[in-house]
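Next come the chains, spelled out residue by residue.
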Amino acid sequence: MEKIRNWMAAAGFAIIVVGLAWVGHGTGIIRLPATDFMSELSVWTINGSLVVAFGLIVLIGSWKLLRDEPHGPGFGDDHFLEES
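All values derive from a computational prediction rather than experimental measurement. Each residue is numbered by its place in its chain's sequence as written, counting from 1. Side-chain atom pairs in this predicted model are given and counted only at pLDDT of 80 or more, local residue features only at pLDDT of at least 70, and totals for whole chains, interfaces and linings cover all residues. To get the side-chain values, all heavy atoms of the structure are used, and hydrogens and water are removed first.

Here a Phe, Tyr or Trp ring, Trp counted by its six-membered ring, pairs with any other such ring whose centre lies within 6.5 Å, and the pair is stacked when the planes are under 30 degrees apart, edge-to-face when over 60, and tilted otherwise. Evaluation of the coordinates by the stated rule reveals one aromatic pair. Aromatic side chains W22 and W44 sit 5.4 Å apart centroid to centroid with 75° between the ring planes, which places their arrangement in the edge-to-face category. Here W22 is found in helix α1 (residues 2-27), whereas its partner W44 is found in helix α2 (residues 42-64), with 22 residues between them in sequence. The cut-offs for exposure are 20% and 50% of the maximum accessible area for each residue type, with area from a 1.4 Å probe on protein chains only; residues under the lower value are buried, those over the upper are exposed, and the others partly exposed. Its relative accessible area of 19% is what places W44 among the buried residues. Here a strand is any run of E in DSSP of at least two residues, a helix any run of H or I of at least four, and the numbering for each starts at the N terminus.

Quick look at the structure:
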């Protein structure tokens, strides 16, 4: 489970970096290359913001959903499988 959490965290960070790059291109902060088709177009700012939000969801999900402790009462308890 630890490996999955680490890979999800790495993917979340990568997604956030890509989204921030798109926001940078869309706002005109990043201008590489100079004839970039993404420069100063609001659609890339919006798309980048959505990608950053998705990356944050993946990152938070890797920390919260895949933690080592149980998620609540009864999660992983074998006594629920036994007949009474």
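Turning our attention to the UniProt feature "transmembrane region" (unreviewed entry) in the protein. UniProt positions are given in the numbering used here, feature names are shortened, and annotations may be inferred rather than shown by experiment. Following the UniProt record, one finds the feature "transmembrane region" (unreviewed entry) at residues 7-24 and 44-66. Its end C-alpha atoms 26 Å apart, residues 7-24 is made of 100% helix and 0% strand. Within the segment residues 44-66, helix and strand shares are 91% and 0% respectively, and the terminal C-alpha atoms sit 32 Å apart.

Another point: a nonpolar patch on the surface. A surface patch of nonpolar side chains, about 430 Å² in accessible area, is lined by F13, L56, I60 and W63. Ranked by the residues each element gives to the nonpolar patch, the list is headed by α2, at three residues. Mapped onto the elements of the fold, W63 is located in helix α2. Patch membership is restricted to residues that have no salt bridge and whose relative accessible area is over 30%. Joining uses 9 Å for like charges and 5 Å for the nonpolar side chains Val, Leu, Ile, Met, Phe, Trp and Tyr. Computed by Shrake-Rupley with a 1.4 Å probe, the accessible areas treat only the displayed protein chains as cover when residues are assessed. Whenever a carboxyl oxygen of Asp or Glu lies within 4 Å of a side-chain nitrogen of Lys or Arg, that contact is scored as a salt bridge.

Moving on, we get to the side chain of H25. With respect to the helices, strands and loops of the structure, H25 is situated in helix α1. H25 gets classed as buried once you look at its relative accessible area, which sits at 10%. Identification of polar contacts relies on pairs of N or O atoms within 3.5 Å, with a donor-acceptor requirement for protein atoms, meaning one able to donate a hydrogen and the other able to accept it, and with residues adjacent in sequence counted only if both atoms are side-chain atoms. Here the side chain of H25 touches I30 through a polar contact of 3.5 Å, landing on its backbone oxygen.

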